[in-house]
Amino acid sequence: MANTKTIKVPHLGTTAGYAFANDSYDASKPTCVLINSMCMTAALFKHQFDDVELSDAVNLLAIEPLGHGATICTSEHFTYWDSAIMAVQVLDALNIDKFFALGTSQGGWVVARLGLLAPSRVQGLILLGTSMDCESAGSRGQGSWDPVPFFKPFLQKWTSEGATPDFVPDEDWRGACTGLGFGAAGSAENTAFWNGVIGDVYKGDEGRRKLKMATICLSERDGLLLRLEYIKCPVHWLQGTDDAVFPVKLAEEQIKLFTASKDAKFDAVEGGAHYLSASNPKQVNTALLAMVKTYA
């Protein structure tokens with residue numbers, strides 16, 4: 001996995017964590033921005049970075065959203081719109097104009113916002129294990145999870161009037177992140193790795209506040225259903241049949257709302273988990289490479 005670096009951008013006084021596959025950028029190749037899911041980091045895209053055919057054809061640039069990895073900002077409060085604006089500014093700072101964007105789970109919400117905020121620059125979107133709705137009653141009625149009751153006890157535990165220098169996310173939280181995300185694809189080695197990453201990123205008082213806001217950000221996000229008609233670039237949505245968070249039928253319905261897209265299509269991935277880029281990298285990498293070859 002490539003080394004994560006940081007770069008300062010103006011929005012919310014952000015220092016953003018990012019990583020290039022092979023630790024390099026080639027201006028002659030197309031670029032794809034990768035946005036990770038909840039409590040993950042750029043390391044979530046190891047299988048993409050390690051795919052030689054893919055990384056030879058495309059600059060793979062993982063950007064860690066606000067509340068995640070090495071990314072920090074001067075504001076305690078932020079939303080997914082802020083993460084999208086920050087990502088555009090990272091691209092500006094790296095002198096990258098056109099780009100594809102791939103996002104898994106919450107990363108899907110960020111890259112869809114990139115398609116709205118930078119329509120002339122986004123060449124295509126790959127959506128993985130996600131939903132374009134908020135955590136609505138309608139989504140729950142179609143089989144989506146209900147995160148707010150699950151999150152509330154954690155948010156209460158993470159509330160403190162004083163400093164918490166010894167804070168580390170407990171085993172229940174770390175287990176939920178890896179269990180819901182990786183499903184049957186989560187080996188003991190993988191779980192141990194991410195337990196260590198989550199514990200390191202969110203340790204201490206700053207880590208506690210960062211984790212709490214990332215969780216609030218997810219719980220209270222706004223939906224995009226009425227905005228999807230404004231996204232004109234190609235969209236390829238892949239959803240795992242074993243996704244524990246969002247069902248296939250939700251994605252099947254929501255892909256139809258990209259009415260202005262020049263090519264909006266959906267594929268169910270048999271046995272795929274929520275973190276599809278990790279559980280089924282072959283299908284994901286093939287889809288990304290096909291989009292780049294068609295539309296770059």
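Whatever comes next refers back to the structure up there.
Computed from a predicted structure; not experimentally measured. (Residues numbered from 1 in each chain as written. Predicted model: local features only at pLDDT ≥ 70, side-chain atom pairs only at ≥ 80, totals over all residues. Heavy atoms only, no water.)

Draft legend 1. The arrangement of helix α7 (residues 171-182) in detail. The terminal C-alpha atoms of α7, which comprises twelve residues, lie 16 Å apart, in line with the 16 Å expected from a rise of 1.5 Å per residue. When α7 is considered as a whole, its buried residues turn out to be Trp 173, Arg 174, Ala 176, Cys 177, Thr 178, Gly 181 and Phe 182. Among the structural elements, α6 (147-157), α8 (188-201), α9 (204-219) and α11 (276-279) are those in contact with the buried residues of α7. Between a side-chain oxygen at the N-terminus of α7 and the backbone nitrogen of Asp 172 the separation is 3.2 Å; the capping residue is Asp 170. Downstream of α7 by one or two residues, Gly 183 has phi in the positive range, about 55°. (Helix = DSSP H or I, 4+ residues; strand = E, 2+ residues; numbered from the N terminus. Expected span 1.5 Å × (residues − 1). Buried < 20%, exposed > 50% of the residue type's maximum accessible area, 1.4 Å probe, protein only. Contact = heavy atoms within 4.5 Å. Polar contact = N/O pair within 3.5 Å; in protein donor to acceptor, adjacent residues only side chain to side chain.)

Draft legend 2. Broad picture of the environment of Ala 188. Take Ala 188: it is sitting in helix α8. Spatially, the C-alpha atom of Ala 188 lies 33 Å from that of Thr 31, the residues being 157 residues apart in sequence.

Draft legend 3. The arrangement of the layout of surface pockets in detail. If you add up the space inside the largest pocket, you get close to 350 Å³. The wall of the largest pocket is formed by 13 residues, among which Lys 46, His 47, Asn 190, Phe 193 and Trp 194 lie closest to the centre. Only α1 (46-49) and α8 provide two or more residues apiece to the lining of the largest pocket. Residue contributions to the lining of the largest pocket peak at four residues, all from α8. Tallied by class, residues from the lining of the largest pocket come to eight nonpolar, three polar and two charged. Estimated volume of the second largest pocket: approximately 220 Å³. What lines the second largest pocket is a set of 14 residues, and nearest its centre among them are Ile 72, Cys 73, Ser 75, Glu 206 and Lys 210. Sorting elements by how many residues they give to the lining of the second largest pocket places α9 first, with four residues. (1 Å grid on protein atoms, 1.4 Å probe; cavity = no way out; pocket = protein on both sides within 12 Å on 5 of 7 lines; lining within 4 Å. Points joined across faces, edges and corners; volume = space filled by probe spheres on them. Nonpolar A, V, L, I, M, F, W, Y, C, P; charged D, E, K, R; others polar.)

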